[in-house]
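So you can see what is in the structure, the chains are spelled out below.
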Amino acid sequence: MWKNKFHISPPFGLLNDPNGLIFWNNEYHIFYQWNPNACEHASKHWAHLKSKNLVDWESLPIALSPNDWFDKNGCYSGSAIEKDNKLYLFYTGNVKNNNVRESYQCLAISTNGIDFEKKGPVIHDKDIPKEYTKHFRDPKVFIKDGVYKMVLGAQRVDLTGTIVVFSSHNLIDWSFEQEIINGNFGFMCECPDFIEDKKNKALILSPQGIKADGDLFNNRYQSGYIIRDLYDIEKNDFIELDRGFEFYAPQTFKDENNKNVLIGWIGMPEELEHPSIEKENWVHSLTIPRVLEIKKNKIFQKPHNNLKKLRKEKIVMENIYLENTIDLSKYNILGDAYELIISLGDFSKDIEIDLRKNGNERTTFSFDSIKKKASLNRNFSGYGYKGIRKCYLKDLKKIHIFVDKCSVEIFLNDGEEVFTGNIYPNKDSLGIEIRSKMLFTIPKIEFYKF
Ligand code: FRU
């Protein structure tokens, strides 16, 4: 009852990070960390899907399995890049002998986009500079100023997290360049990434061990970015990418229009009390693809335009006078897989929106125009983890919601802030209700059933 309709989820077992995202030979490829054997963090394979439009996905055979000496305890996260019409995958081979960790940065190549030939390590465990522990992983490879760069998550020997860069001219021979983090980013930084457009640049990272600070950093681990160029090591202003409950290890790729697009994992390391495990033998999903734009020193995330292909039934309501409460189910606006866009006009108003509602069960998004706080409350969502997440928002003009069987993604003001999380409601909890203490007219509500 919770298997998502339009979010990528595993057929069974555990999904974590998105890997190897690429538009190659006119098709999008997505890989993800997959344990096909159990809903636990072990035996990581690379599951593989492809699509012509980022909406209809075809499952392909497993791309990488942990069956070689250099990856026997897991084909960990990594990325994809094209060279000479071939698809190159870089990933971390995780090895444990007598519980002692070794990390190998490995290469696998495909000519047909289906079968991958492992070439083994391009950076050996013994080549890890002595300043770092064996927590050295998640290669993201890209071209900068005509040279291949690989950013890697790393841990210094004093057990603090950092990111390092290697470079190469041929994708085979790699040499260590430098460390590119100077601030305090906990005990480990995972899954680094780097994006640039004509004007702006941002380093993306998933640090572990940043302390909660008011509304900020309340999840076990964070994913966010620093607006800066790759080597601007003094810049440490870290902004969370998502304000919800589960969002981690995102990766970016360029779509066919050369836009930076991001997909993240709707999940959190070490948190495995999800009811889908016991009831349905699977856990976790990937976010929808989000187009990134850097504006005003901030990354904005917008649902990818191609998602419009999911839209089936459409209901539009205009100039809706909101006197206390509107039960949208009365207008046939309800469900467990849909898109809902609420345009609020120019002046911020207090608003509460219950999703997946039935009786007392509900997941509530709200905005307080005096305190200037947006929040997502899943204390009454049904099964699974509970809690409230909040963030500062100066004003609220537009709410763009994607609800799926066990997840919700809420985009505010065209991606200025995003709240993502898992919810596990009962299957009859389909209602949508809008409330406000203020009297006002909502200019437009658009609803699309998927
Ligand atoms: C992030 C992560 C990565 C690692 C992978 C293993 O969630 O811990 O650092 O490569 O998951 O599945």
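Residues numbered from 1 in each chain as written. Predicted model: local features only at pLDDT ≥ 70, side-chain atom pairs only at ≥ 80, totals over all residues.

Undergrad: Describe the overall build of the protein chain, and please don't skip the residues or the numbers.
TA: Broken down by element type, the protein chain carries one helix and 32 strands. Across the 450 residues in the protein chain, those meeting the buried criterion constitute 47%. Within the protein chain, residue pairs in contact and separated by at least 24 positions form 56% of the contacts whose partners lie at least 6 positions apart. (Helix = DSSP H or I, 4+ residues; strand = E, 2+ residues; numbered from the N terminus. Buried ≥ 20, exposed ≤ 12 C-beta atoms within 10 Å, placed from the backbone. Contact = placed C-beta atoms within 7 Å.)

Undergrad: I'd like a description of the UniProt feature "domain: Glycosyl hydrolase family 32 N-terminal" (unreviewed entry) in the protein chain, backed by residues and values.
TA: Mapped onto the present numbering, the UniProt feature "domain: Glycosyl hydrolase family 32 N-terminal" (unreviewed entry) falls on residues 7-303. In this annotation, residues 7-303 is assigned 2% helix and 55% strand; the end-to-end C-alpha distance for the span is 13 Å. (UniProt positions renumbered as here; feature names shortened; annotations may be inferred.)

Undergrad: Residue-level account of the site of the ligand, with values.
TA: Taken together, 14 residues sit near the ligand, with Gln33, Tyr76, Ser77, Glu190 and Ala249 positioned nearest. Contributing elements (two or more residues each) for the shell around the ligand: β1 (13-24), β5 (75-83), β9 (132-144), β13 (188-196) and β17 (248-254). Partitioned by chemical class, the residues of the shell around the ligand number five nonpolar, four polar and five charged. (Near = placed C-beta within 6 Å. Nonpolar A, V, L, I, M, F, W, Y, C, P; charged D, E, K, R; others polar.)

Undergrad: Pulling in residues and values, what's your account of the pairing of β13?
TA: Look at any regular strand and the pattern is simple: side chains alternate between the two faces of the sheet. The buried count for β13 comes to eight of nine residues, which makes it a mostly enclosed element. As judged from the seven bridges shared by β13 and strand β14 (residues 201-208), these two strands associate in the antiparallel manner. In the strand pairing of β14, Cys189 is matched with Pro207. (Pairing = 2+ DSSP bridges.)

Undergrad: Talk me through the UniProt feature "domain: Glycosyl hydrolase family 32 C-terminal" (unreviewed entry) in the protein chain; I want residue IDs and the actual numbers.
TA: UniProt's feature table lists "domain: Glycosyl hydrolase family 32 C-terminal" (unreviewed entry) at residues 307-437, given in the numbering used throughout. Structurally, residues 307-437 comprises 0% helix and 55% strand, and the distance from its first C-alpha atom to its last is 34 Å.

Undergrad: Lay out the nonpolar core in plain terms, naming residues and giving numbers.
TA: Generally speaking, a soluble globular protein has its nonpolar side chains buried in company with each other. Among the nonpolar cores identified, the biggest contains 76 residues, and Leu89, Tyr91, Leu152 and Ile163 are the most heavily contacted of them. Top element by residues in this core is strand β6 (residues 86-97). It accounts for six residues. Setting aside its immediate chain neighbours within four residues, Leu152 contacts Phe136, Arg137, Asp138, Pro139, Ile163, Val164, Phe166 and Pro192. Counting 40 residues, the second largest nonpolar core, distinct from the first, contains Phe402, Val408, Phe411 and Phe447. (Core = buried A, V, L, I, M, F, W, Y, C linked by C-beta atoms within 7 Å.)

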